[in-house]
Amino acid sequence: TYGFSSASAVNSKTAFGDRLFVFEVVGLRQTPNNQQSAVPIRRSGTVRLTVPYGRMNEEMQRIARLGGKIVSIERFDRERVEASTVAGAPAPSSKDSKPSKPMTQAKAKTDIPVNIYRPKTPLIGKCVENRELVGEGGIGRVRHLTFDVSGSDLRYLEGQSIGIIPPGSDDKGKSHKLRLYSIASTRHGDRLDDQTVSLCVRELVYQHPETGETVYGVCSRFLCELNDGDDVQITGPVGKEMLLPEDPEAKIIMMATGTGIAPFRAYLRRMFVEQHDDYKFNGFAWLVFGIPKTPNILYQDKLEAMQSEYPDHFRLTYAISREQQTADGQKMYIQNRVAEHVEEMWNLLQDEKTHTYICGLKGMEDGIDEAFAGEAQKHGVEWSAFRKQLKSQDRWHVETY
Ligand code: FAD
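It should be emphasised that the depicted structure is a prediction, and the values quoted were computed from it without experimental measurement.

Asks: An account of the overall build of the protein is needed here, citing residue identities and associated values.
Replies: Along the protein, the regular secondary structure elements total ten helices and 16 strands. In the protein, which comprises 401 residues, the proportion classed as buried is 49%. Taking the contacts inside the protein whose residues are at least 6 apart along the sequence as the reference set, 74% of them involve residues at least 24 apart. As displayed, the protein offers around 19,000 Å² of accessible surface, 48% of which is attributable to carbon and sulfur atoms.

Asks: How would you explain the nonpolar core if you had to name every residue and give the values?
Replies: Residues I261, F264, L268, M271, L287 and F289 are the most contacted members of the largest nonpolar core, which totals 35 residues. Mapped by element, the contributors of at least two residues to this core are strand 12 (251-257), helix 5 (261-273), strand 13 (284-291), helix 6 (300-309), strand 14 (314-320) and strand 15 (354-360). Among the elements that take part in this core, helix 5 stands out by supplying seven residues, more than any other. With sequence-adjacent residues up to four places away left out, M271 is seen in contact with L244, I252, Y279, F281 and A285.

Asks: Lay out the site of the ligand with the relevant residues and their values.
Replies: R179, L180, Y181, C219 and S220 are the nearest of the 16 residues found near the ligand. Contacts to the ligand include R202, whose backbone N or O atom sits 2.9 Å from an oxygen atom. One of the backbone N or O atoms of C219 is found 2.7 Å from an oxygen atom in the ligand. When isolated, the ligand has an accessible area of 990 Å², and the protein chains bury 63% of it. Placement of the ligand is best described as lying within the largest pocket. Counting only elements with at least two residues in the shell around the ligand, the list comes to strand 7 (179-182), strand 8 (196-202) and helix 4 (218-224). Looking at which element gives the most residues to the shell around the ligand, the answer is strand 7, with four residues. Looking at side-chain class alone, the shell around the ligand contains nine nonpolar, four polar and three charged residues.

Asks: Got a sec to walk through helix 5? Specific residues and values, please.
Replies: In terms of burial, helix 5 is a largely internal element, twelve of the 13 residues being buried. Of all the positions in helix 5, only I261, A262, P263, F264, R265, A266, Y267, L268, R269, R270, M271 and F272 are classed as buried.

Asks: Explain the packing of aromatic side chains to me, using residue names and the numbers behind them.
Replies: For the structure on display, the rule yields 13 aromatic pairs. Taken together, a centroid distance of 5.7 Å and an interplanar angle of 35° make the contact between F272 and F314 tilted. Taken together, the positions of F272 in helix 5 and F314 in strand 14 put the pair 42 residues apart, joining distant regions of the chain. One exposure class covers both F272 and F314, and it is buried. Members of the aromatic cluster, joined through ring pairs, are F272, Y279, F281, Y310 and F314.

Procedures and definitions
Sequence order sets the numbering: in each chain, residues are counted from 1 along the sequence as written. A pLDDT threshold of at least 70 governs which residues receive local features in this predicted model, and a stricter bar of 80 or more applies before side-chain atom pairs are shown or counted, although totals over entire chains, interfaces and linings include all residues. Side-chain numbers come from the whole structure's heavy atoms, not from hydrogens or water. Think of it this way: any DSSP run of H or I at least four residues long counts as a helix, any run of E at least two long counts as a strand, and we number them from the N terminus. Whether a residue is buried, partly exposed or exposed follows from its accessible area with a 1.4 Å probe, protein chains only, as a fraction of its type maximum: under 20%, in between, or over 50%, in that order. Should any heavy atoms of two residues lie within 4.5 Å, those residues are considered in contact. Where accessible areas are quoted, they stem from the Shrake-Rupley method and a 1.4 Å probe; at the residue level, only the protein chains shown are allowed to cover. Grouping buried Ala, Val, Leu, Ile, Met, Phe, Trp, Tyr and Cys residues that are joined through side-chain atoms within 4.5 Å yields what is termed a nonpolar core. Proximity criterion: a residue is near a molecule or strand once any of its heavy atoms comes within 4 Å of it. We define a polar contact as two N or O atoms separated by no more than 3.5 Å, with the added condition that, inside protein, one atom must be a possible hydrogen donor and the other a possible acceptor, whereas residues neighbouring each other in sequence contribute only through side-chain atom pairs. The pocket and cavity definitions rest on a 1 Å grid over protein atoms only: a 1.4 Å probe that fits but cannot leave marks a cavity, an open set with protein on both sides within 12 Å along at least five of seven lines marks a pocket, and residues lining either have an atom within 4 Å of a point. Whether a molecule lies in a cavity or pocket depends on its atoms, and more than half of them have to be within 2 Å of the grid points. Note on residue categories: nonpolar means Ala, Val, Leu, Ile, Met, Phe, Trp, Tyr, Cys or Pro, charged means Asp, Glu, Lys or Arg, and polar means any other residue, Gly included. In this scheme Phe, Tyr and Trp rings, the latter by its six-membered ring, pair at centre separations within 6.5 Å, and the angle between planes marks the pair as stacked below 30 degrees, edge-to-face above 60, and tilted otherwise.

Spelled out as structure tokens, the structure:
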């Protein structure tokens, strides 16, 4: 059910209705159940299936039922496939075919998935990636985690969160409650196969104010210590605050501190990394990212690569508090960068295509508000009323924790 609604299948003569896609699938079981199915399993273990758009949903579910995993989906060159096969039969080898760039999502959902998995019946995902994002000399530990959720009904949109229930119980003997984490992957997951969900998690660690003992946060510690193959209890998805507008011409101002980058990583991958037929970003994205030190710039290489590839569409501004200074010699926090560029940002806010997103540490809004309030005043506008108006137009989004 990942992104291919049955409504679109019915509408088979719409933008995608007459197109064919090639699924590359691994791990299909040959069980009595699929004996009648037309899935040919090659010795290599990889199967390529050509599937008309209208049957993608059905095929994805069938593949999941058979224990298969879709490793890629490509658009198929229609001319070449005309005389060929349809769902269930093998597609010509990749040498014969000229598939376009990888593409998965057909049409963004108008319905927003929420609470597909609840705490009483969580989804059990498997950790398939857990890597450090903080470079040498940086502060703390922040991990990029990916969970395999294949065969499940989980689907989500960029900007949503999932809940994680850590194992064990609290000091009252009750099972731990779930903790929310912003999803860092697009709806297609890092592997573009709609079978994973990724997070960006900071390990909470502090000295106990009375005993001086080192205390680790229950869930963040659990996540940061996961090994490949470990199970994770997942709930959700939740959240409608941070959804990205569907308009590919939108102007998106993003302000992040630390792991607040998570939803923005998803947005930026959707805008600049993935290929979609129905979402070709042609607007403007501006990320202001606040971190303490250079090695704490999460996903630095990817962000900078996007900026150099799309300089007209993506602007990247860091506020590195322990290394950079403001004009008057103060530490450079995110609100100082906003203050520096506030005239330009204010002008952007006047454009109804502009949407602003704030994500990260609780309290980061105050300084940002202060910067905008000063600029608004210059224009004879009361900032809180203006911000309220932006909010009512669904153009001002905040998620802090
Ligand atoms: P817990 O074991 O629950 O400990 C937290 C408690 O420790 C605090 O309530 C406080 O009582 C105490 N404490 C914390 N610091 C100190 C201190 N310095 N001194 C004394 N006591 C202290 N986190 C991420 O890493 N990445 C995300 O993308 C992310 N997204 C979120 C999205 C949303 C919508 C929300 C609400 C939260 C998000 N969080 C995210 C935070 C996350 O949910 C957890 O709160 C965080 O990981 C800590 O949980 P824990 O179980 O590790 O800590």
